Structures are given as structure tokens and as C-alpha cells.
Amino acid sequence: MANSAKSHFLATISHELRTPLNAILGYSQILLSGEPLLPSHKDQIETIQTAGEHLLSLINGLLDYSKTEASAIELCPQQVELQELLRETLDIMRPRAQEKGIHFRCTIHRSVPEYIGVDPRRLKQILLNLLSNAVKFTDEGSLHLEVSLKNERIRFLVADTGRGIADQDLPKLFQPFQHLSAGSHTSEGTGLGLSVSKKILEVMGAELRVCSQLGRGSSFWFDL
């Protein structure tokens, strides 16, 4: 009963928080696209926009977690042009990688079909979670998204040259609300990204796997 009440609370409060936040984001977009602004005002409104988008991603994470608790994840599969979906995903992540000076590349093997049947929102959500973590814990080096065909299943692999994960941290990696020790890194987010991604992939009939070496980097992958 306590778990049920907690899940209901998370779902309710997430919906309630999104309503005023959507208004904040909407009006900041209107201001940015309206009359010419002073540079200082433009910077301040862009800060509001960025902070609001970050807050929205945290709220969405809580909402998704409440759905996984209630086993209420719904998939809406459709025919998707894979390269276009990956392009949209990379466009979101590339500026964050460039800001840290990380070399970011994507490889799509020729054997991968042009169109696939998948829930595009969920696939993009999972990839963004993995790529965001990779950027967060990589200070130098590279980040690689590789899409290939393995035993008639499509493999999505995200590899980085970041700080890696200690062996003692691996067992709690996919537990909700966990922040792994990040050294000089500041922990951000709800600690739900990997937990939610793992649950969504289970509904999709896949498993999220990881291989990591402390100080050398990490690789996360799944086969659809």
C-alpha cells in the first residue's frame, strides 16, 4: 500500500509541476522569438529556458519512474527512419560534448536497415540517457555511438573514455535514486535515468548491459 501511494504521489505531483513549468517555457520562447532584446536580457531569458528544460527533464524522469513502479509503461511502435531519429538525438547531445571538448562520433553499419519498427520517443529517451551520462562523466577523450546488426537484432552501443565505474558500484548501477561517487563531478539529476531505461528496455524485450573499467571508460549497449 505504501509503494502504491508513493507511485500515485509521484505521478500526481509530476503532472501538477509540469503545468506551470510549460507556461514558463512557453513564455520564454515567445520572448526569445519576439522583439529584439538587449544582449543581457537575451542571456537571462536563455538561462530561464535552459533551467526550465532541465527541470522538465527531471519531472519527466519522476513521472516515468512512477509508471515503471506501476508497470504502466506503454509503447507506441511505428515505422521510423533510423538515421533521422539518430540525427535528432545527436543534435541534442553534440553541443554538450563540444562544450567539454569531447570528440563525438556516430557509426551506423551498412547492414542496419533504413527503417525500423520502434517507439521513437522511448528509443530516443534511452539513447539520450546513455549519452548524457557519458558526457557527464567524460572530461577528455571521445564518445562513440555505434549502431550495428548482431544476430538479426540491432545493437545500440554507447562507449566513452571517461572515468569508468568501480566494481563495487556496478551492482547498484541500475537501482533508482542512486548517484555513483563522481569524484570532482557534481551529481545532477534524479538518479533515475538508468533505472527507467532498463525498465523500458525490459518492456521492449531487451536488456541493458554494461562493461566498464575504472579510469578507462564505460560501454553500455542493448539489442532490439
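In what follows, the structure referred to is the one given above.
Residues numbered from 1 in each chain as written. Predicted model: local features only at pLDDT ≥ 70, side-chain atom pairs only at ≥ 80, totals over all residues. Heavy atoms only, no water.

## With respect to the side chain of S218
Quick reminder of the rule: Put simply, DSSP marks the helices as runs of H or I at least four residues long and the strands as runs of E at least two long, and each gets a number from the N terminus on. Each residue gets one of three labels from its accessible area relative to the maximum for its type: buried under 20%, exposed over 50%, partly exposed in between, using a 1.4 Å probe on protein chains only. Think of a polar contact as two N or O atoms within 3.5 Å of one another; within protein, one of them needs to be a possible hydrogen donor and the other a possible acceptor, and neighboring residues in sequence only count if both atoms come from side chains. Here a residue-residue contact requires only that any non-hydrogen atoms of the pair lie within 4.5 Å.
Among the structural elements, S218 can be located in strand β7 (residues 217–223). Judged by its relative accessible area of 5%, S218 falls in the buried class. A polar atom in the side chain of S218 sits 2.7 Å from the side chain of S212. The residues contacting S218, other than those within four sequence positions of it, are V158, A159, D160, G164, I165, C211 and S212.

## Quick word on the environment of S7
Note on placement: S7 falls in helix α1 (residues 2–33). Considering only alpha carbons, one finds S7 and L62, 55 residues apart in sequence, at a separation of 9.4 Å.

## Let's talk about unusual backbone geometry
Negative phi values dominate among residues other than glycine, just as trans dominates among peptide bonds. Located in the positive-phi region is N151, a residue other than glycine, with phi close to 55 degrees. For N151, the location among the structural elements is in the loop between β4 (142–150) and β5 (153–160). One non-glycine residue, E152, adopts positive backbone phi at about 65 degrees. Within the secondary structure, E152 is located in the loop between β4 and β5.

## Section: the pairing of β4
As a reminder, the rule being used: Note on pairing: DSSP must find at least two bridges between two strands before they are called paired.
By the bridge criterion, six bridges tie strand β2 (residues 103–108) to β4 in an arrangement that is parallel. Within β4, the position partnered with I108 by the bridge is V147. Bridging between β4 and β5 involves eight bridges; their strand directions are antiparallel. Opposite S148, over in β5, you have R155 as the bridge partner. Connecting β4 to the next strand, β5, in antiparallel fashion are two residues, including N151 with a positive phi near 55 degrees.

## Describing the pattern of salt bridges
The criterion, for reference: Salt-bridge detection follows one rule: a side-chain nitrogen of Lys or Arg within 4 Å of a carboxyl oxygen of Asp or Glu.
Here the structure, examined in full by the defined rule, presents eight salt bridges. Measuring nitrogen to oxygen at the nearest pair gives 2.7 Å for the salt bridge that ties E202 to K198. Residue E202 and its partner K198 are located together in helix α5 (residues 193–203), separated by four residues, close to a single helical turn. Residue R209 is joined to E207 by a salt bridge in which the shortest nitrogen-to-oxygen separation is 3.2 Å. With relative accessibility at 41%, the residue R209 sits in the partly exposed group.

Everything listed is a geometric property; what it means functionally is a separate question.
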